[in-house]
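Here is how the chains run, residue by residue.
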Amino acid sequence: MSKTIQPEIIFADEHLLLVNKPANMLSLPDRYNASLPNMRDWLQALYGKIYVVHRLDRETSGIMCFARTTEAHLHLSRQFNQRSVEKNYLVLVDGQFAEPEGVIDLPIGENMAKRGTMRIDMQEGKPSLTLWRVEESFAQFTLVQCNIKTGRMHQIRVHMLAIGHPPAVDPIYGKRDAFYLSQIKRKYKVGKFQETEQPLMQRVTLHAFNLLLQHPQTLEEMNFDAPLPKDFAALLRQLRLHNAQ
């Protein structure tokens, strides 16, 4: 497996695993191409049988939880189903916010017109709740912390789009499929040994940075963090330099 997609073990004991998933790595094996790198197979090669408790979108980086026993899996799954787990994300979105925080309570359902995507569906969508708070503002973009109380597919991406602030990079729900320095740096010039400009970030600007849960055996409350990956951190540094308010 390429080093560029190597996951990082955050915590491991005989009951559970917390792992920092890199972007563009699947949570589960692909149904059509089982050879694609995925978190379940990668962990099972290291630890033997493991159980998937929740998932992240392929494009999303960040913290994931896995169980190592059937008992731990049952306990952790119950926590996620009962919404007692705190799931916190950072997302860079287009635009600025008039308020420092807010709540998005809009049902989400499958977009039948475009396979594999979701949309706001007031008639048949499932209840979906996202709490958001501004973390850092730039001239054209905002870094937002999202706490999701439900776990719908593409929830943050769909909810941010619904309030007019899609992810800064999102080929499905946003305005661009990559972020280039030339978009924010005046009089940008391609480097001497470059033929074309390379993107600062070429995947959805979304990272699961924090997970708070109860240990399935000791019942201790545990708080885990996953630092921003290099591409996301580098993009924020450039925004502070060239897109400050």
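For the structure itself, look to the data block above.
Below or above, wherever it landed, is the structure these notes cover. In this text the structure is predicted, and so the values were computed from the model without any measurement. (Residues numbered from 1 in each chain as written. Predicted model: local features only at pLDDT ≥ 70, side-chain atom pairs only at ≥ 80, totals over all residues. Heavy atoms only, no water.)

Describing the environment of Lys 187
Next, step 1: With respect to the secondary-structure elements, Lys 187 resides in the loop between helix H3 (155–162) and strand S11 (206–214).
Next, step 2: A relative accessible area of 76% places Lys 187 in the exposed class.
Next, step 3: Placed 19 residues apart in sequence, Lys 187 and Leu 206 show a C-alpha to C-alpha distance of 28 Å. (Helix = DSSP H or I, 4+ residues; strand = E, 2+ residues; numbered from the N terminus. Buried < 20%, exposed > 50% of the residue type's maximum accessible area, 1.4 Å probe, protein only.)

Notes on the pattern of salt bridges
Next, step 1: Enumeration according to the criterion identifies 10 salt bridges in this entry.
Next, step 2: In this structure, Arg 157 engages Asp 57 in a salt bridge whose closest nitrogen and oxygen atoms are separated by 3.5 Å. Residue Arg 157 is found in helix H3, and its partner Asp 57 is found in the loop between strand S3 (51–52) and strand S4 (61–67); the two are separated by 100 residues along the sequence.
Next, step 3: Salt-bridge contacts for Arg 157 lead to Asp 170; the nearest nitrogen and oxygen are separated by 2.7 Å. On the criterion of sequence distance, the pair formed by Arg 157 in helix H3 and Asp 170 in the loop between H3 and S11 is long-range, its members being 13 residues apart. Take Arg 157 and Asp 170: they sit in the same class, and that class is buried. (Salt bridge = Lys/Arg side-chain N within 4 Å of Asp/Glu carboxyl O.)

Some thoughts on the pairing of strand S5 (residues 86–94)
Next, step 1: Burial analysis of S5 places eight of its nine residues in the buried class, which makes it a mostly covered element.
Next, step 2: Pairing geometry for S5 and strand S10 (residues 141–148), over seven bridges, is antiparallel. Across the sheet, the residue bridging to Val 91 is Val 144, located in S10. (Pairing = 2+ DSSP bridges.)

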